[in-house]
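Chain by chain, the residues:
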Amino acid sequence: MKKILSFMSLTLLVAGCADRTMPVADLPEIDTSNPLLAEWETPYATPPFERIELKDYEPAFDAAIAVQRAEIEAIVKNPAKPSFHNTIVALERSGELLSRIEGLFYNLLEADSNDEMQRIALDVQPKLTALSNDIALDPALFARVKAVYENPGWFLSKEDKRLLEKTYKSFARNGAALPADKQELYRQYTTELGEMTLKFGQNSLAATNAFTLNITDPGRVEELPDFVKEGLAADAKARGEKGWTVTLQYPSYVPFMTYSSDREAKEQLWRASNARALGGEFDNCENIRHIVDLRRQIAGLLGYETYADYVLEERMAENTATVNAFLQELLDETIDYARADYAMINDYAHAQGFEGDVMPWDWSYYAEKYKNEKYALSDEQVKPYFELEKVKKGVFLLANKLYGLNFARCDDIAVYHPDVTAYEVTDAKGDFVAVLYLDFFPRASKRAGAWMTEFRGSKVVEGVETRPLVSLVMNFTKPTETKPSLLTFDEVNTFLHEFGHSLHGMLGQGEYESLNGTSVYRDFVELPSQIIENWATEKQWLDLWAEHYETGEKMPAELVEKIVAAKNYLAAYANVRQLSFGMTDMAWHTLKEPFTGDVEAFEKQSMAPAQVLPVVDGTAMNPAFTHIFSGGYAAGYYGYKWAEVLEADAFKAFEETGSILGGPAADAFRKHILTQGGHEHPMKLYVAFRGHKPETKALIEKMGLTK
């Protein structure tokens, strides 16, 4: 046993400037035999995953919580007059050990979880919520923060001022200014909310894993492409089953729905997927009622009419009226086109001998067939040129062309699962930029979807810069015994999207971690991820790397042309579908009274204006809508479409300069967007890059929906 290590100390002495002297905490002793609490003597101080055991987490959380409490106590009891450095910066630097453990544990809870981790999460969550509340509601601490906010002094940089403003608002928005009785209610509500959102996510994952469809009749899979059959056979084998097994995981579910004509099986799968956690063992309906009501009550305590009003005050959109008007404007511009998309596929299905209306479980099959016929383009044609390793090479090459980044696989860096690889990222000068972890394939321990996370962000302390550890987690088609992983065009888009987030995280610069990288408003964070999707249909980029995985033949020019021609296929339908998700999110979070009704009925009503496909009773997507009920997108899902408007306008800057592979637009995007994080209001950053505010018409034009 020994005192906490020096890198966790809050001491900062700058010669000749007493105001920059930080409070020194009397830190508790910790057990450094626990690898989560010891100094990581690894390449770039990366997590030593191979040394960490499940039993290490709870004592590490307890120790780190105690350390942060001691750090906060040192700030509060500091006899010196409150200053920016001894209060605001000290608060920013506190909790480093806890942040390190949280960054590791909660990322793995999503990417490589098990029952014991789920239990630990439930046990730890109340402790973390209590700590957060104790800090946010500490009157003495808030008094110091407020004193600095009201008298900041004369020597603050623009970045310092942004941190001060953010810190003060964080306290005010988390109950610090409430009277004592309401602070207790705030504690109660936030504690319950933390537990409810965690349970929601666990139920959603469990419901996804609970359903499978095992097929033993070869005739029912005979029509499927080889890559689909091989993937289903591999899933069956892994489960100890015969034949072919379809799961609700994306790489299994979507190809089966796309290529199978077995309506009975597809209806069964679609209903299972769209009724996850709607009743049954993993029901989330009551959790939804509790979550939205707790959020409503928290907003009310803080003086807001609805939870959306509370959230949007700190967003680029700024208020509920702006978001609702934005969603309605896009819906009005595109709903007729979306309904025309459905009518087109419906008519096509009828021409193929289909009777009745195309149902949701029929949609992917006939949409794919029509695309093949109209554009002579199918996933089967494209996939041989999108072998995962080649795609990865292409994505890395794009980052090199745009921003001078280089990627070198580093097997000396430990990873948390055999599927994961780690890369050392350097800039054009050879300087270290970040570590990038790539985790591509689905497994039962990983939730569905794709996302970017950080094990550590970037910052500068005592003149020493810490660079980020970034992770991309996806669920792509796995290699089989006979084929490598071959991606669909949609999966290539997904890779680009998440890689855009990683660039935002890796290229962030600045002194304070809470302002760097992806630490921006939610409706701005998707700009770097969505703009890079534009390159998926750029021949100039595809020509550099897209080769047939067997022959080495370059992707033929006519195939690239087909991809470009088909890029807006069903764009209106896809747009309206996303709008419907944003609309149901806003409906939940603008409630002014407790919700005691039926979740399925509420969803149908909230999404009705954007409904294109037939409605199916007994199904609802909200009980598995983790983005808004267990993620960070509550009253914020509109941000995806908001960012699409930003990126449609922003990509024109690349086109207008005549160079999409580097040049002035890339330099400006890096300078004003990727490196800046949350240092300034996002609209100011965007205008600095583009020269004007974004306009909705840019997205309408990009989708080819001009009247």
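These figures come from a predicted structure and were not determined experimentally. (Residues numbered from 1 in each chain as written. Predicted model: local features only at pLDDT ≥ 70, side-chain atom pairs only at ≥ 80, totals over all residues. Heavy atoms only, no water.)

Undergrad: Is there a simple way to explain the nonpolar core in this structure?
TA: When a protein is soluble and globular, its nonpolar side chains tend to lie buried together. Judged by nonpolar contacts, the single largest core of 150 residues is most densely connected at Phe386, Leu436, Phe499 and Trp535. Here the element with the most residues in this core is helix H13 (residues 320-351); it accounts for 11 residues. Excluding residues within four positions of it along the chain, Leu436 makes contact with Phe396, Phe407, Thr421, Ala422, Tyr423, Val425, Val470, Leu472, Phe499, Ser502 and Met506. (Core = buried A, V, L, I, M, F, W, Y, C linked by side-chain atoms within 4.5 Å. Buried < 20%, exposed > 50% of the residue type's maximum accessible area, 1.4 Å probe, protein only. Helix = DSSP H or I, 4+ residues; strand = E, 2+ residues; numbered from the N terminus. Contact = heavy atoms within 4.5 Å.)

Undergrad: Where do I start with the pattern of salt bridges in this structure?
TA: Side-chain pairs of opposite charge can arise whenever the charged atoms involved come near each other. With the rule as written, the count across this model stands at 46 salt bridges. The closest approach of N and O atoms between Arg119 and Glu58, which form a salt bridge, is 2.7 Å. Residue Arg119 is found in helix H4 (residues 115-136), and its partner Glu58 is found in helix H1 (residues 57-76); the two are separated by 61 residues along the sequence. Taking the shortest distance from any N to any O, the salt bridge between Glu600 and Lys604 comes out at 2.8 Å. Taken together, the positions of Glu600 and Lys604, both in helix H22 (residues 599-607) and 4 residues apart, correspond to about one turn of that helix. Given the relative accessible area of 17%, Glu600 is considered buried. Among the charged side chains, a salt-bridge network with shared partners connects Asp112, Asp419, Asp439, Arg443 and Lys446. (Salt bridge = Lys/Arg side-chain N within 4 Å of Asp/Glu carboxyl O.)

Undergrad: Would you mind going over the packing of H13 against helix H21 (residues 571-588) with me for this structure?
TA: For any two helices packed against each other, one specifies the inter-axial angle together with the distance between the axes. At their nearest, the axes of H13 and H21 sit 8 Å apart, and the two run at 145° to each other. The handedness of the crossing between H13 and H21 is left-handed. Contacts between H13 and H21 pair Thr320, Val323, Asn324, Leu327, Leu330, Leu331, Thr334, Ile335, Tyr337, Ala338 and Asp341 from the former with Ala571, Ala572, Tyr573, Asn575, Val576, Leu579, Gly582, Met583 and Met586 from the latter. (Axes fitted to C-alpha atoms, helices over the stretch in contact; angles between N-to-C directions. Left-handed = near helix turned anticlockwise from the far one by under 90°.)

Undergrad: What's the story with the pairing of strand E6 (residues 421-426) in this structure? I'm lost.
TA: Within a regular strand, the side chains alternate between the two sheet faces. Of all 6 residues making up E6, 5 are buried, and the element is well covered by its neighbours. Pairing analysis gives 4 bridges linking strand E5 (residues 406-409) to E6, with the strands arranged antiparallel. When the sheet's bridge partners are listed, Phe407 is paired in E6 with Val425. In this sheet, strand E7 (residues 432-439) lies alongside E6 in antiparallel orientation, the contact comprising 6 bridges. When the bridges of E7 are listed, Thr421 appears paired with Leu438. Counted along the chain from E6 to the antiparallel partner E7, the turn is 5 residues long, and its residue Gly430 has a positive phi close to 90°. (Pairing = 2+ DSSP bridges.)

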